[in-house]
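# Working through the structure, step by step
Residues per chain are reported as follows:
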Amino acid sequence: MARAAGSAGFPRAARLLLPGDFARVFAVRRSAASGPLVLYACPALSAAQPARLGLSVSSRIGNAVVRNRWKRRLREAFRQVRARAALPHGNDFVIVVRSGAVPAGAAGARQVEEMICDLAARVVARPAYAAAAAATRQGTAPQPTTEPPRRRR
RNA sequence: GGAGCGGACCGGAUGAUCGCCGGCCGGCGGAUGCUGCGGCGUCAUAAGACGCCGCGAUGACGCUGGCGGGAGGAAAGUCCGGGCUCCGUAGGGUGCGAUGGUGGGUAACGCCCACCGGCCGCGAGGCCAGGGAAAGUGCCACAGAAAAUAGACCGCCUGCGGGGUUCGCCCCGCAGGUAAGGGUGAAACGGUGAGGUAAGAGCUCACCAGCAGGCCGGGUGACCGGUCUGGCUCGGUAAACCCCAUCGGGAGCAAGGCCAAGCAGGAAGAAGUUCGAUCCAGCCGUCGCCUCGGCACGGCUUGUUUCGGCACGAAACGGCCCGUUUCGUUACCCCCUUCCGGGUCGGCUGCUGGAGGCGCCGGGCAACCGGCGUCCUAGAGAAAUGGUCGUCACCCACGGGCCUUUGCCGGCCCGUGGGAACAAAACCCGGCUUACAGGUCCGCUCCAGUC
RNA sequence: CGCGGGGUGGAGCAGCCCGGUAGCUCGCGAGGCUCAUAACCUCGAUGUCGCAGGUUCGAAUCCUGUCCCCGCCA
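Conventions adopted
All chains use their own residue numbering, which begins from 1 and follows the written sequence. By the order in which they are written, chains take letters starting at A while ligands take numbers starting at 1. For this predicted model, a pLDDT threshold of at least 70 governs which residues receive local features, and a threshold of 80 or more governs which side-chain atom pairs are given and counted, while totals over whole chains, interfaces and linings are taken from all residues. Remark: hydrogens and water are excluded; side-chain values derive from all non-hydrogen atoms of the structure. The secondary structure listing takes helices from DSSP runs of H or I that are at least 4 residues long and strands from runs of E that are at least 2 residues long, numbered from the N terminus. Contacts were defined at the residue level, with two residues in contact if any of their heavy atoms lie within 4.5 Å. Salt bridge, as used here, is a side-chain nitrogen of Lys or Arg placed within 4 Å of a carboxyl oxygen of Asp or Glu. Only protein chains enter the accessibility calculation, which uses a 1.4 Å probe. A residue is then buried if its area is under 20% of the maximum for its type, exposed if over 50%, and partly exposed in between. To qualify as a nonpolar core, a set must consist of buried Ala, Val, Leu, Ile, Met, Phe, Trp, Tyr and Cys residues joined through side-chain atoms within 4.5 Å. Take the number of residues in a helix, subtract one, and multiply by 1.5 Å to get its expected span. The arc refers to the directions leading from the helix axis to the C-beta atoms. Pairing of aromatic rings covers Phe, Tyr and Trp, the last through its six-membered ring, and needs centres within 6.5 Å; plane angles under 30 degrees mean stacked, over 60 mean edge-to-face, and all others mean tilted. Note: two strands are recorded as paired if DSSP finds a minimum of 2 bridges between them. Under this scheme, a helix contributes an axis fitted over its contacting stretch, all axes are lines through C-alpha atoms, and angles between N-to-C directions fall in the 0 to 180 degree range. A crossover gets the label right-handed when its path from the first strand over the helix to the second runs clockwise, viewed with the strands pointing away from the viewer.

Looking now at the environment of A33. Tracing the chain through its elements places A33 in strand β1 (residues 30-34). A sequence separation of 86 residues divides A33 from L119, and the C-alpha atoms of the two residues are 6.9 Å apart. Ignoring anything within four residues of it in the chain, the contact list for A33 reads V38, R98, L119 and R122.

Below, the structure written as structure tokens:
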């Protein structure tokens, strides 16, 4: 099991790494957007599990340096927020980057942290999300995990 | 001092703290499998419980501590070349593609070095797809008479006819000669001089330029120098087709190997029988043997087994042909081929020590090669090398002070504010190309000044 | 990783193979027709042919390099 949520570390277990994880999060279709970021959320299989993060930065954003800069900035911000226990447990998040400019410096880092907290709180607070969470935890509706994400075609 | 040419190199340093990736060394827990990890099933849900399978005392797994390591000169673009892996093998011709002075370097190259030739620059130097146009085909707009086996628009000359005349000749037409002169064009079929002619013309001659061939000398060679002969002169374009020479089998680490898990199969298909050998079977024969049913030997075949040859079909063989190899050829099944469909996309490995870096010596003009010594320097995988706060160094702007100067310029110090590029390994190397803040060093050229 | 296509007035496309004049439709501007608008008629303007270099007398076209956009395969 992963270590306690109060820890400041950011182990691999706190990351979304498999294509299936991403597909499940996108299939739930619960998102909020603010500025350059879009945050997708999905109830995890166990509600006590600490929050997990996945990143999606397309090549449209910039070259490899810019994309890596975004990912590091977001991982660091997520780590800080997670250490303060400011994120609701039992959720998986995927953050999609929409625009190119990376916020720099300490002020930029704080800004990103606030943005993540705000977006996560907004998505999780919705009534529809609570219903989805209940359905997932019941185990009666595990369809989003197996359903392919490209339904809009 | 100014302007410039060629080459080599650096790509911030350091500290605190919090993180990430992988390596090594520990500590604690840890089973006659009830406690760990992975998977499956059932039940349930807040973490879970139970069962089964596999792994784990060579220590799995969890927690935790320490040590040392962690992007580039282009890691980039993916434009070439190789290693490596698989395609059972990597053959000949043709096609296709690439390359294109010569010699060398190299694992190899479209790369590098040296040299040759051409062009540019006062020079240091720079650039060049730089084989063949007398093997063939095509094209050369507009202008111009004519644009490629040359060609008569004006002009010049001769002859004939007509007309005019100041009797010198002039004008018009026709036929012919002529490439000297005109003008066009990117390009007009050698140049100068003399002879020659009705006028002219390489028509002839001398010299020069250029072409082809022979010989001599130098060089490994590209080529250079000299000499003789020839026809007297030959347009450009091959980054137009083409010819010649050389090279190239295909795919790519998502290659390939192992483990786990999972699923579902279906449809269609062409081509043989003649010959040789052989096994079995049957029939016939034999002054053969004998326990009278067989054995032995020989021959035959509408049969039959296997092999070979030939023929046909398919594949290896992703252009085609030949050749080679494999499989198949009465029907069904199997096999083979083609088409459609289904499942997986998890883990381990390949995975980093190599055509490797540095130093010295030797060979070579050099690229590079050889020897010796020494060093170990990233291995991620939704993809690690980062965040924050300082200090120092660098650059820019502004302000102030000092030095220098007639002044501008310039130099040093302090303060404030800002900036700090291009860009991140993805199997590994050798190159090429492109991007790049700022800076360092070496060699050389030209111009000006001083001694 | 491997491969293919494209970049031409404001928009969408021809022209490129086989070099010499950049054209079509819509749009835009002016004028006409109409009481007026649309439609229609006449006229007109607008092009570094993505960029750089080369071959050629001459390049949108041929060659090389480079930048950007779109797509395909596993």
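A few words on the pattern of salt bridges. Where charged atoms from two side chains of opposite charge approach closely, those side chains can pair. Within this structure, the stated rule accounts for four salt bridges. In this structure, E76 engages R79 in a salt bridge whose closest nitrogen and oxygen atoms are separated by 2.9 Å. In this pair, E76 and R79 both sit in helix α2 (residues 64-83), three residues apart, roughly one turn of the helix. A relative accessible area of 36% places E76 in the partly exposed class.

Side chains that are nonpolar tend, in soluble globular proteins, to be buried together. Within the largest apolar cluster, 26 residues are counted, with the highest numbers of intra-cluster contacts made by L37, L39, L74, F93, I95 and V97. Those elements giving two or more residues to this core turn out to be β2 (37-43), β3 (52-56), α2, β4 (91-97) and α3 (105-124). Looking at which element gives the most residues to this core, the answer is α3, with seven residues. Not counting residues within four places of it along the chain, the set of residues in contact with V97 comprises P36, L37, S56, V57, I61, W70 and L74.

Here we take up α2. Taking 1.5 Å of rise per residue, the 20 residues of α2 would be expected to cover 28 Å, and the 28 Å separating its terminal C-alpha atoms lies within 8% of that figure. If you check which residues of α2 are buried, you get W70, L74, A77, F78, V81 and R82. The arc enclosing the buried residues of α2, seen along the axis, measures out at 135 degrees, which places them on a common side. Residues of α2 that are buried in the fold lie against β2, β3, β4 and α3.

The subject of this paragraph is the packing of aromatic side chains. In the structure shown here, the tally under the stated rule is one aromatic pair. Both rings, one in F26 and one in Y40, keep their centres 4.8 Å apart while their planes meet at 80 degrees; by these two values the pair is edge-to-face. In this pair, F26 sits in helix α1 (residues 19-28) while Y40 sits in strand β2, placing the two residues 14 residues apart along the sequence. Overall, F26 belongs to the partly exposed group, its relative accessible area being 24%. Y40 sits in the partly exposed class, given a relative accessible area of 22%.

Of the positions making up α1, those classed as buried are D21, F22, A23, R24, V25 and V28. The first or second residue beyond α1 is R29, which carries a positive phi of 60 degrees.

On the basis of which strands lie adjacent, the open sheet formed by four strands has the order β1-β2-β4-β3 and mixed pairing. Only two strands of the sheet have a single partner each, and these edge strands are β1 and β3. For this sheet, the mean inter-axis angle between neighbouring strands, taken without regard to orientation, is 20 degrees. Here β1 pairs with β2 via five bridges, running antiparallel. The partner of R30 across the bridge, within β2, is A41. The strands that α2 touches are β2, β3 and β4; relative to β3, the one it contacts most, it runs at about 165 degrees.

We now examine the pairing of β3. In terms of burial, β3 is largely enclosed, as four of its five residues are buried. The parallel pair β3 and β4 is bridged by α2, and the resulting crossover is left-handed.

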